[in-house]
Amino acid sequence: MKPVNDLLRIEGLGVGITLQSGQLEAVKSASLRVLPGKVTALVGESGSGKSVIAQTILGILPPVAKVTAGRILFNDPEKPGSSIDLCQLDRDSEAYRALRGQRISMIFQEPMTALSPLHTVGNQIQEALTIHTSLPEAEARRRTEEMLDLVGFPDPKRAYGMYPFELSGGLRQRAVIAMALICRPALVVADEPTTALDVTIQAQILQLLRELQSKLNMAILLITHDLGIVANVADEVVIIYHGEIMEAGTVSDIFRNPQHPYLKGLLRAVPHFDMAPGERLKSLRDVQVDTSKLKQAETRAAGKRGSILLSAKGLTKSFSTRKSGWFAKQESTARKALDDVSLEIRRGECLGLVGESGCGKTTLSKVIMRAVRPDAGAVTYDDGNGPIDVLAAEGDDLQTLRTKIQMVFQDPFSSLSPRMTVQNILSEPLEIHNRGDAKSRIEQVKTLMEVVGLDPRFLSRYPHSFSGGQRQRVGIARALALGPDLLICDEPVSALDVSVQAQILNLLKDLQAQLGLTYLFISHNLAVVDYMADRIAVMCRGRIVEIAPREVLFKSPIHPYTRALLAAVPFPDLDRPLDYTTLQLGTASDTGTWPSFFQEADNKAPLVAAHCGEDHFVLAQASAKVQELRAW
Amino acid sequence: MTSPLPAPGAPLHHYVSTAPFDPHTITAMTNEQSKVHLASQWKLMWWKFKRHRVAYYCGIFLALMYASTLFSEFLAPYNLHTRNVEAIHTPPQRIHFFHEGSFVGPFVYGRERSLDMNTMKRVYTDTPNVIYPVRFFCKGDTYKFWGMWDADRHLFCPAEGGTLFLLGTDRLGRDVLSRIIYGARISLTIGLIGITVSFALGIIIGGLAGYHGGWFDLAVQRVIEVLQSIPSIPLWMALAAIMPVSWSPIVIYFGITFILGLLDWTGLARAVRSKLLSLREEEYVLAAQLMGAKDSRIIGRHLIPGFISHLIATATIAIPGMILGETALSFLGLGLRPPITSWGILLTEAKNVSVVALYPWLLFPMVPVILVIIAFNFFGDGLRDAADPYN
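Residues numbered from 1 in each chain as written. Chains lettered and ligands numbered in written order. Predicted model: local features only at pLDDT ≥ 70, side-chain atom pairs only at ≥ 80, totals over all residues.

Colleague: Please clarify how the environment of B:His212 should be interpreted in this entry.
Modeller: All names here are of chain B. Mapped onto the secondary structure, His212 falls in helix α5 (residues 176–212). The class for His212 is exposed, based on 12 C-beta atoms found within 10 Å. Considering only alpha carbons, one finds His212 and Leu277, 65 residues apart in sequence, at a separation of 9.8 Å. (Helix = DSSP H or I, 4+ residues; strand = E, 2+ residues; numbered from the N terminus. Buried ≥ 20, exposed ≤ 12 C-beta atoms within 10 Å, placed from the backbone.)

Below you can see the structure in the form of structure tokens.
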């Protein structure tokens, strides 16, 4: 075999960023390479400097960042022998612009913002062609349509004239990929290309990238935090932490023989489906939970475990997008966010709620929290002191209810007021409900800090001084302040890094065990739900399509949507690659692809929850037999 | 192995960093960082503002201007209404330091007046043998300091028997510089009073529109659009005409500021409304609602602190509009009336083209107007940048 030169060779790269708080070394003498036609994955957590490296390669570093050392060599296979040091090139020069978009291109994370809303998809993809080549209009258009076909648009001619808002998230990301590949670059830098996507769409996009990469013989520098993705697509892997390379090797080196404590820690921190019951994730930085001082613990333990704490019946909510005008008639198109949703949460359990974005899981949590009023249905809360009608509660009843049900939010950055100290944030619920006097509140707040493993000396600090995980712990402490029975966790870890995610999950688990809490745990990540939940409800298009105990759901899923979700989770394990055959094009939530007995019948007879074993229900036609459902 | 990089093209060997690894280093903070992290919002804003050099110096300039209004009597060499019949329409006198090659200190030459019989214009010529040294911390015109104490000290004043008209005099022989210094009092404060009125209206109306939405929001939006579409000068004229002629000048002064405030709240109300709409969607507001917080608490503890910094910045940018409005109104003779003196009133002297051609120094009051407005714009710009220290 003829030895090939490295396509991209980064040698001892250092990048410094000037911040208000001083100079920050974002990248410290990092070295890595990308071979032509291969995928190198650069793996790290947020703040590890991986995106800075991507920006350096493309010459799009923000003005506060400067390359301080090293070089980036780009050996264009079309011009053998010529080696360009990208660090030496003026970022606005003709030469760099000729490379950018043509020889090196980028796939962005957020397909919503990477496409201009004002231009058609075809127009945007073709732009790179028009800039870098002198093809006639008709030829450029033909190539663009060819590209659209290649990235899997079902009707490229029609797609050419469509605007981004007409496309789903998955198709948008395909368009972004088409834009990056239109000039057939030698190197594509993909910065978290699937992070913003649902898990089933992520699997499709990964499959597409893999296919195109071998078809077009291009190299990919894949930047990600998800080891599961790495195991499925990468050839070589580089692990970066805090701007320094921790470990590098071929994909089998990394996954079969991890050496560095950081990599080992990362691999241990990812929840997976094969965990033994009761097995704990090992977080890099574990938190000690101490609830002994929290007085509420004993009072709650008295309640009966297993009795129904909260039940929702027939919840329906539709949102209408109104086209209003001064003179025009108001038309409204309604979209059902919740469609006849019923579920029960039992005291002491953790009910997992899984579904893709837009399936209505957050709306459901907001209905339970009385933040959104449903069109129909009822929610009853019963902690043993007589049932409370949640939707009708007013005045004192509502205030009592507020102390019983609390919420942990997804985004630890927007859920804490930036203008308040942690002290104020944590004592606010106590003030609202007139608990104790100023002095006892300070004591209580200190106890809460200890419960979530934060130093009480941090109380005078502002949220912006905390890391994402620490903020999320403050959010959990705030939710615990009033001594709730039911905690609704709305994607509490999806904004966090893997190592921090394990820490928060363990914290939530420990709190549940020690305080006897009940959780409604909402997530799009099946592995996370698997780790946390006792029972799992799968939600799709505003409906709960399957609900079962955890082991049952993972062992014998019945609903096609559940199966698709399960098949789409990428594992950080080389022996369990994604099974692309079960992942067809189109979305898994498209009811048309389901077997007929899961679809609504022509006579509009409502679907019912078919009983398929203990605690296992599947939404199907009333006439369908259990054996039929199992066998499809 | 020391480098993770193999020779070009060679197969990748398995590299493991041997540097000591501590998973907690990433959470450790340097002193500099912890200083930033412990800072409150206002401190962060101050640091960010200080880095905007132009805004910072404009802020200092404005602070000095406002401080000067407290000591106008002391700073001005003449009183507001001191007339010098001997020196009508004098051009500015230059300060000299050297007389015939020898150092004397700051002084002005004496003036001789003659009448040009062709144009009937008074012509002033320096008399090189009469020297009037400028006195400092001297006794001059008597005044009542802050309307309470009799005093006669000035920062600087003309020599005994001499004159000191650094920016010339007007048609009654009054010192233009002194009148500008006194005029700052009215011109600078009229903006503040006007902005207070429009601030109050803007926050209340915009806040209600933003928080409640619905028909009230719709109505407010339409009213704002209508108000903004009316040409401002005719509207001012109509409103100024409402004020009874019998009112004392000081009451008219308040009336004018009130009118300016009444017309200026629209921009502020819009700013408040849009800021409120975006803040209402923040999760920490939802969190407070779910804790059972009342509306008043949410507005007071979460929403207002969230946008007050933006409001201050918006208001700062609105002040120049007020000052210009007063200047324009007074210039047209609709605003303040003598004997109240503002920069606009001073400029009415220069209404006539022939006056401007013959006595151009009467346009000097424009200089402080321009400087103050530029300073306010830069200052407000810096404040606006600093208002959101978390981005």
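This is not the end of the story, as more comes after the structure.
Colleague: Got a minute to help me understand the sheet that holds strand β3 (residues 39–43) of chain A in this structure?
Modeller: Through backbone hydrogen bonds, the strands of a sheet pair up, either in parallel or in antiparallel fashion. Pairing in this open sheet of 7 strands is mixed, and the strands run β6(A)-β7(A)-β8(A)-β3(A)-β9(A)-β10(A)-β1(B) from one edge to the other. Each edge of the open sheet carries a strand with a single partner, namely β6 (104–107) of chain A together with β1 (15–16) of chain B. Both strand β10 (residues 244–250) of chain A and β1(B) contribute to a ladder of 2 bridges, which runs antiparallel. Paired with A:Ala248 across the two strands is B:Tyr15, which belongs to β1(B). Across the sheet, helix α7 (residues 169–181) of chain A touches β6 and β7 (187–191) of chain A, and the angle it forms with β6(A) is around 175°. (Pairing = 2+ DSSP bridges. Contact = placed C-beta atoms within 7 Å. Axes fitted to C-alpha atoms, helices over the stretch in contact; angles between N-to-C directions.)

Colleague: For this particular structure, what's the right way to read the sheet that holds strand β5 (residues 83–85) of chain A?
Modeller: All names here are of chain A. Pairing in this open sheet of 4 strands is antiparallel, and the strands run β2-β1-β4-β5 from one edge to the other. Of all strands in the sheet, those bounded by a partner on one side alone are β2 (22–34) and β5. Going across the sheet, the axis of each strand differs from the next one's by a mean of 10°, ignoring polarity. Strand direction decides the pairing type here: strand β4 (residues 65–75) and β5, joined by 3 bridges, are antiparallel. The partner of Leu73 across the bridge, within β5, is Asp85.

Colleague: It is not clear to me how the confidence of the model for chain B should be interpreted in this structure. Could you clarify?
Modeller: Low-pLDDT portions of the prediction should not be read for the details of their coordinates. All names here are of chain B. Per-residue confidence for chain B gives a mean pLDDT of 80, with 93% of residues at or over 70. When pLDDT is averaged over each helix and strand of chain B, the minimum, 64, is found for helix α1 (residues 31–38) and the maximum, 90, for helix α3 (residues 53–70). Scoring of the predicted complex yields 0.78 for pTM and 0.78 for ipTM. (pLDDT = per-residue confidence, 0-100.)

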